[in-house]
Each structure stands twice: as C-alpha cells, then as structure tokens.
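Descriptive analysis of the structure
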Amino acid sequence: MTPILYQECINACLESMNACNHSYVASLKEYDLAVLRHSIRLDRECADICSFAIQAMTRQSPFVGSILRLCAEICDACATENSNHIHIHCQTCIEACRSCAEACRSISEVVEVYA
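One structure accompanies this document, and this report is about it. Each chain carries its own residue numbering, running from 1 in the direction its sequence is written. Residue-level local features of this predicted model are given only where pLDDT is at least 70; pairs of side-chain atoms are given and counted only at 80 or more, and the full residue set underlies all totals for whole chains, interfaces and linings. The side-chain quantities take in all heavy atoms of the structure and omit both hydrogens and water.

Quick word on the side chain of Ser23
The test is simple: Only DSSP runs of H or I with at least four residues qualify as helices, and only runs of E with at least two residues qualify as strands; both kinds are numbered from the N terminus onward. Identification of polar contacts relies on pairs of N or O atoms within 3.5 Å, with a donor-acceptor requirement for protein atoms, meaning one able to donate a hydrogen and the other able to accept it, and with residues adjacent in sequence counted only if both atoms are side-chain atoms. Here a residue-residue contact requires only that any non-hydrogen atoms of the pair lie within 4.5 Å.
Examined against the element boundaries, Ser23 turns out to sit in helix H1 (residues 7-28). Side chain to side chain, Ser23 and Asp43 meet in a polar contact 2.9 Å long. In contact with Ser23, other than residues within four places in its own chain, are Asp43, Asn82, His89, Cys90 and Cys93.

Listed below in structure tokens is the structure:
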C-alpha cells in the first residue's frame, strides 16, 4: 500500500493521540485523581500506540496490520474506560478513540488483502 492510502487512518491516529495526551494531562489536574488512575494509564498507552501506528504506516512496516489491530484494541479499551467518567476531556477522548479504532480495523483488513 502507498502512504496516501493510509492518510485517513494516520489522521484518525493523530486525533486520538492528541485527545489522549490532552485527557492524560487534564486528568492529572483533577481533584479525584485516584478515580481516574486507570483512565490516565490507558490514555498514555493509547497515545503511545497511536504514535507507533503512525510511524508503522509512514514507513510501511511489514507488521502494520498487526500494529493497527493492536491500536484498535487499545483505543477500544481507552474509550470504554473513559466512558466511566463525566469529564469533558474524557468524553472527547472517547470519540477520538472510537474513530481511530474503526479506521485502524478498516485499514488492517485492507493490508491483509495486499499482504
């Protein structure tokens, strides 16, 4: 696949990475930090895998399909955890993570066809 075919997924990963990073930092400033502990951890994990997925797509890694499936799984887990919280930054993160998970799954299926 050419990098241009990955662009929609790259954009979704960027949005998710940014939303997760924002949620991570915003959560650290919340009063109920202990309640957000698991969410904070998943925000960090999700931002990291989104960044890695972007790198894998841009360099056309032979493992991109597996990386994108893992990214979708972590994005789903992050969205599920954030749905337990009412904070605006958590709600924004949910939307970005779900969109990213969907884009990653779609592209990983296409990648498997071309592999």
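Here's the deal with helix H2 (residues 37-58)
In plain terms, the rule: The span you would expect from a helix comes to 1.5 Å times its residue count less one.
An ideal rise of 1.5 Å per residue puts 32 Å on 22 residues; H2 measures up with 32 Å between its terminal C-alpha atoms. Where H2 ends, the next residue or the one after it, Gln60, has phi of about 55 degrees, a positive value.

What to know about H1
Spacing of three or four residues puts side chains on the same side of an α-helix, whose turn is 3.6 residues. How we decide: Only protein chains enter the accessibility calculation, which uses a 1.4 Å probe. A residue is then buried if its area is under 20% of the maximum for its type, exposed if over 50%, and partly exposed in between.
Compared with the 32 Å implied by 1.5 Å per residue over 22 residues, the 32 Å span of H1 between its first and last C-alpha is a close match. Cys9, Ile10, Ala12, Cys13, Ser16, Met17, Ala19, Cys20, Ser23, Ala26 and Ser27 are the residues of H1 that are buried.

Some thoughts on the packing of H1 against helix H3 (residues 64-82)
Let me state the cut-off plainly: In this analysis, axes come from line fits to C-alpha atoms, helices being fitted only over the stretch in contact, and the angle between any two N-to-C directions falls in the range 0 to 180 degrees. Relative orientations are named as follows: roughly parallel for angles under 35 degrees, roughly antiparallel for angles over 145 degrees, roughly perpendicular for angles from 65 to 115 degrees, and oblique for any other angle. Handedness of a helix crossing follows the sense of rotation of the near helix relative to the far helix, less than a right angle counterclockwise being left-handed and clockwise being right-handed. Three classes are used: nonpolar for Ala, Val, Leu, Ile, Met, Phe, Trp, Tyr, Cys and Pro, charged for Asp, Glu, Lys and Arg, and polar for all others, with Gly counted as polar.
It is the contact of H1 with H3, at a shortest axis distance of 12 Å, that shows an interaxial angle of 40 degrees. Considering the angle they form, H1 stands oblique to H3. Where H1 crosses over H3, the two elements pack in a sense that is left-handed. Facing H1, whose interface residues are Cys9, Cys13, Ser16, Cys20 and Ser23, H3 presents Leu68, Cys71, Cys75, Cys78 and Asn82. Among the residues making up the contact of H1 with H3, the classes are represented as 7 nonpolar, 3 polar and no charged.

Digging into the packing of H1 against H2
The geometry of H1 relative to H2 is characterised by a closest axis approach of 8 Å and an angle of 155 degrees between their N-to-C directions. Taken together, the axis directions place H1 and H2 in an arrangement best described as roughly antiparallel. When you trace H1 past H2, the crossing you get is left-handed. Every residue of H2 that contacts H1 at Cys9, Ile10, Cys13, Leu14, Ser16, Met17, Cys20, Asn21, Ser23, Tyr24, Ser27 and Leu28 is listed here: Ile40, Asp43, Arg44, Cys46, Ala47, Cys50, Ser51, Ala53, Ile54, Met57 and Thr58. Looking at the contact of H1 with H2 residue by residue, the class counts come to 15 nonpolar, 6 polar and 2 charged.

Description of the nonpolar core
Nonpolar side chains in soluble globular proteins tend to end up buried together. How we decide: Nine residue types can take part in a nonpolar core, namely buried Ala, Val, Leu, Ile, Met, Phe, Trp, Tyr and Cys, and a core is a set of them joined through side-chain atoms within 4.5 Å.
Formed by 34 residues in total, the largest nonpolar core has its most connected members in Cys13, Met57 and Cys71. Sorting the residues of this core by element identifies H1, H2, H3 and helix H4 (88-114) as the ones contributing at least two each. Setting aside its immediate chain neighbours within four residues, Cys13 contacts Cys50, Ala53, Ile54, Met57, Cys71, Cys100 and Cys104.

Side note on the packing of aromatic side chains
Keep this limit in mind: Here the aromatic set is Phe, Tyr and Trp, taking the six-membered ring for Trp, and pairing holds for ring centres within 6.5 Å; pairs whose planes are under 30 degrees apart are stacked, those over 60 apart are edge-to-face, and all others are tilted. In this analysis the charged atom, NZ for Lys or CZ for Arg, is taken to sit over a ring once it is within 6 Å of the ring centre and within 35 degrees of the ring normal.
Per the counting criterion, the structure on display carries 0 aromatic pairs. The residue whose ring lies beneath Arg44 is Tyr24, and the NZ or CZ to ring-centre distance is 5.3 Å.

Some words on the side chain of Ser61
For Ser61, the position within the fold is in the loop between H2 and H3. On the basis of relative accessibility, which here comes to 12%, the residue Ser61 falls in the buried class. In terms of polar contacts, Ser61 uses its side chain to reach the backbone amide nitrogen of Phe63, at 3.0 Å. The residues touching Ser61, leaving out its near neighbours within four places in the chain, are Ala56 and Ile67.

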